[in-house]
Amino acid sequence: ETGQYEHFMLKEIDEQPTVIRNIIGKYQDDQGQLNIGQELEGLTVPKRIYIVACGTSYHAGLVGKKLLENIARIPTEVHIASEYLYAKDPLIEKDSLFIFFSQSGETADSRGVLNQIKQQGYRTLTITNVQGSTLYREADYKLLTHAGPEIAVASTKAYTAQIAVVALFSIYLSEQQGLEGTIDMFQELRTISIAMESLKDMKEQAKQIVDDYLTGHQTTFFIGRQSDFDVCLEGALKLKEISYIQAEGYAGGELKHGPIALIEDGTPVFVVITDDNVAKNTRSNAQEVKARGANTCVISAKGSEEEGDAWVLPKVNPLLTPLVSVIPLQLISYYAALQRGCDVDKPRNLAKSVTVE
Ligand code: F6R
């Protein structure tokens, strides 16, 4: 039931702070310590990690890579399942762990890779929202995202839940190795749930941005660097799948190597700037497109904001900014779809879980 909401998608966007709190509740013990060991009993620290997923879950995997490498210091590759499935004789480090990210746990391409990899004797872990799903049952280890049923075809809370769970898994792997100076992830996640909560009241702003930037346009870009780039890929996917506006997520520095040719007078360009390390660089990329006529909509975070930014988000741990910055992008997609009279929860040509290769 959508309750007070017109669509499942908006309901699920708004559920995200609760989902983060649920995840904290499930994976923290009474002493405030990480309580994830039971699920991972017998799992030794791998030398290398391969994340395999599709669509939005793949985008969560991109963020997961940064968490695993930064916190657990384990080299991590991220692969699109349908590509990895047909990779010819891929070079795989012997002591590796394959992690499958999947909301439904039924995605055929990911299942295909899981089967192959198991036959080759590698260890597997599934991070999924559906207990008892195929990827859940067939993996050696499993972690649930506890996001509750996701009904809208466009995935929202599954993305943030997967990132929160892989963040905790990174802490686990760091603790297993006795690494020093890891962050208080539960505290960071609590801060994030508060930040997410505050965004529930920002719907008018999202609607206004849609009116101001997207009305009458059929081509858009989302640009950013590092984690901001990861979130741009997700923002672009969300916008195209439910509003049918062509959207490209691009690395800020890559624009001038080709796609800048597409910028015309009024072309909407969303610019995500939450990472202080690259804020200046992304600002200058925004300038480059603006000089060619783009209508730039900057979404920044406290501390790196500038006058004229369309949306300034609360500041959170730099490794976790996608958990917050994805929300304005989800809301913009939602209101763009509404403005265009699209079927928000059931976009054309799409199914909730893709069970064919
Ligand atoms: C996008 C979307 C899809 C799924 C993809 C993977 O909003 O819903 O891109 O993310 O089909 O699905 P799961 O996560 O169920 O494996």
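Per an unreviewed UniProt entry, the recorded name for the protein chain is Glutamine--fructose-6-phosphate aminotransferase [isomerizing], and the organism is Caldalkalibacillus horti. Under the UniProt heading Subunit (unreviewed entry), the entry covering the protein chain gives this text: "Homodimer." Turning to the protein chain, the UniProt record has this under Subcellular location (unreviewed entry): "Cytoplasm".

S.K.: For this particular structure, what's the right way to read the side chain of Asn285?
M.R.: Within the secondary structure, Asn285 is located in helix α11 (residues 276-290). Judged by relative accessible area, which is 1%, Asn285 ranks as buried. Discounting residues that sit within four places of it in the chain, Asn285 has contacts with Ile223, Arg225, Gly252, Gly253 and Lys256.

S.K.: Just to check I follow, could you spell out the pattern of salt bridges for this structure?
M.R.: Between side chains of opposite charge, a pair can form as their charged atoms come close. Within the structure shown, the criterion is met by 17 salt bridges. Linking Lys65 and Glu69 is a salt bridge whose minimum nitrogen-to-oxygen distance equals 3.2 Å. Here Lys65 pairs with Glu69, and both are found in helix α3 (residues 55-71), just four residues apart, close to one helical turn. By relative accessible area, which is 27% here, Lys65 ends up partly exposed. We note a salt bridge from Asp230 to Lys66, for which the minimum N-O separation is 2.6 Å. Separated by 164 residues along the polypeptide, Asp230 in helix α10 (residues 227-243) and Lys66 in helix α3 bring together distant segments of the chain. In this structure Asp230 comes out as buried when scored by relative accessible area, which is 4%. Within this structure, Lys11, Glu15 and Lys157 form a network of salt bridges that share partners.

S.K.: Is there a simple way to think about the sheet that holds strand β6 (residues 219-224) in this case?
M.R.: What holds strands together in a sheet is hydrogen bonding between their backbones, with the strands either parallel or antiparallel. The strand order across the open sheet built from five strands is β7-β6-β8-β9-β10, with neighbouring strands paired in parallel fashion. At either margin of the open sheet sits one strand with a lone partner, and together these are β7 (246-251) and β10 (311-313). When strand polarity is set aside, the average angle formed by the axes of neighbouring strands in this sheet is 20 degrees. With respect to the sheet, α10 is in contact with β6, β7 and β8 (268-273), its orientation differing from that of β7 by roughly 175 degrees. Taken strand by strand, α11 contacts β6, β8 and β9 (295-301), and its axis lies near 170 degrees from that of β8.

S.K.: Mind showing me how you'd approach the site of the ligand here?
M.R.: Close to the ligand lie 13 residues; Ser57, Ser102, Ser104, Thr107 and Glu241 are nearest. In the model, an oxygen atom of the ligand is placed 2.7 Å from a nitrogen or oxygen of the Gln103 main chain. Taking Thr107, its side chain carries an N or O atom lying 2.5 Å from an oxygen atom of the ligand. Its free accessible area being 410 Å², the ligand has 90% of it covered by the protein chains. Here the ligand occupies the largest pocket. Tallying contributions element by element places α3 first for the shell around the ligand, with three residues.

S.K.: What should I look at first to understand the sheet that holds strand β4 (residues 123-128) in this one?
M.R.: Spatial ordering of the open sheet is given by β2-β1-β3-β4-β5, a layout of five strands whose pairing is parallel. Whereas interior strands pair on both sides, the edge strands pair on one side only; in this sheet they are β2 (76-80) and β5 (141-144). Across this sheet, the average inter-strand angle for adjacent strands is 20 degrees, counted without regard to direction. Inspection of the sheet shows strand β1 (residues 48-53) paired to β2 by five bridges, in the parallel sense. Bridge pairing links Tyr50 to Glu77 in β2. Most of the contacts of helix α5 (residues 108-119) go to strand β3 (residues 96-102), to which it runs at about 160 degrees, and overall it touches β1, β3 and β4.

Thresholds, definitions, all that
Residues numbered from 1 in each chain as written. Predicted model: local features only at pLDDT ≥ 70, side-chain atom pairs only at ≥ 80, totals over all residues. Heavy atoms only, no water. UniProt positions renumbered as here; feature names shortened; annotations may be inferred. Helix = DSSP H or I, 4+ residues; strand = E, 2+ residues; numbered from the N terminus. Buried < 20%, exposed > 50% of the residue type's maximum accessible area, 1.4 Å probe, protein only. Contact = heavy atoms within 4.5 Å. Salt bridge = Lys/Arg side-chain N within 4 Å of Asp/Glu carboxyl O. Pairing = 2+ DSSP bridges. Axes fitted to C-alpha atoms, helices over the stretch in contact; angles between N-to-C directions. Near = heavy atom within 4 Å. Polar contact = N/O pair within 3.5 Å; in protein donor to acceptor, adjacent residues only side chain to side chain. Areas by Shrake-Rupley, 256 points an atom, 1.4 Å probe, with all protein chains shown as cover. 1 Å grid on protein atoms, 1.4 Å probe; cavity = no way out; pocket = protein on both sides within 12 Å on 5 of 7 lines; lining within 4 Å. Sits in = over half its atoms within 2 Å of the grid points.

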